[in-house]
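# Results of the structural survey
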Amino acid sequence: GQQLNQSPQSMFIQEGEDVSMNCTSSSIFNTWLWYKQDPGEGPVLLIALYKAGELTSNGRLTAQFGITRKDSFLNISASIPSDVGIYFCAGPHNTDKLIFGTGTRLQVFP
Amino acid sequence: NAGVTQTPKFQVLKTGQSMTLQCAQDMNHEYMSWYRQDPGMGLRLIHYSVGAGITDQGEVPNGYNVSRSTTEDFPLRLLSAAPSQTSVYFCASSYGSSGEKQYFGPGTRLTVT
């Protein structure tokens, strides 16, 4: 079935550092979504992308819709302890199913 | 607005028992879905509904049933629990019928012994 591969699988960084993660697909997506899951909570939508090449920011977060439409990238600048969690990419498959990536687990040390 | 609510928060079942995980939303969303989350595997779609009276299978539907008699509620039934169904279950909902921009509930952590 459809798969979204995220890398890296996990990251351990120091507070203040910038973070980059990506998501790739074997097929084209028309929408890319980025979610964050805090420990013990459900995922929350961070950013939605609808157009190839689109660059969208939400505070310290910036996401890009890849030109090939088979990938997307998420950057976090100047990380802080509350950035800890799991970051998921997601995209709609066959218009009515949302497929999630395997997640990137971020740990921030003070 | 309470958003998406799920009950119970935790549940322990014995193999072979049945139970229903409850999900409700008060945002008048057409689309509702159930996912399970296992370590290292992200979120996998179990069943979804694009409106009251309409349900369909996701990626991992075996062992689970759903129904959608109202817009607000979307219960997930485990017919005969198995240890492989030990997981965290999330319900989600969204505007429209495409499943985009889903709002998630807090999850139900299920253990089957």
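So, how was this worked out
Residues numbered from 1 in each chain as written. Chains lettered and ligands numbered in written order. Predicted model: local features only at pLDDT ≥ 70, side-chain atom pairs only at ≥ 80, totals over all residues. Heavy atoms only, no water. Disulfide = S-S within 2.5 Å. Helix = DSSP H or I, 4+ residues; strand = E, 2+ residues; numbered from the N terminus. Buried < 20%, exposed > 50% of the residue type's maximum accessible area, 1.4 Å probe, protein only. Salt bridge = Lys/Arg side-chain N within 4 Å of Asp/Glu carboxyl O.

### Structural notes on the state of the cysteines
Applying the stated rule across the entire model yields two disulfides over all chains. Each disulfide pairs two cysteine sulfurs, and for A:Cys23 the partner residue is A:Cys89, the sulfurs being separated by 1.9 Å. The sign of the S-S torsion, about 55°, decides the handedness of the disulfide formed by A:Cys23 and A:Cys89: right-handed. Of this pair, A:Cys23 sits in strand 3 (residues 19–25) while A:Cys89 sits in strand 9 (residues 85–93), and the two are 66 residues apart along the sequence. The buried category is assigned to A:Cys23, whose relative accessible area is 0%. What makes A:Cys89 buried here is its relative accessible area of 0%. Disulfide pairing is shown between B:Cys23 and B:Cys91; the S-S distance is 1.8 Å.

### With respect to the pattern of salt bridges
The tally for this structure, following the rule as stated, stands at four salt bridges over all chains. Between A:Lys36 and A:Asp38 there is a salt bridge, with its nearest N and O atoms 2.8 Å apart. You can call A:Lys36 buried: its relative accessible area is 12%. Here B:Asp38 and B:Arg44 are joined by a salt bridge, their closest N and O atoms 2.8 Å apart. Here the two residues B:Asp38 and B:Arg44 agree in accessibility, since each one is buried. A single salt-bridge network, built from bridges that share partners, covers B:Arg36, B:Asp38 and B:Arg44.

Fair warning: the whole summary comes from geometry, so function is off the table for now.
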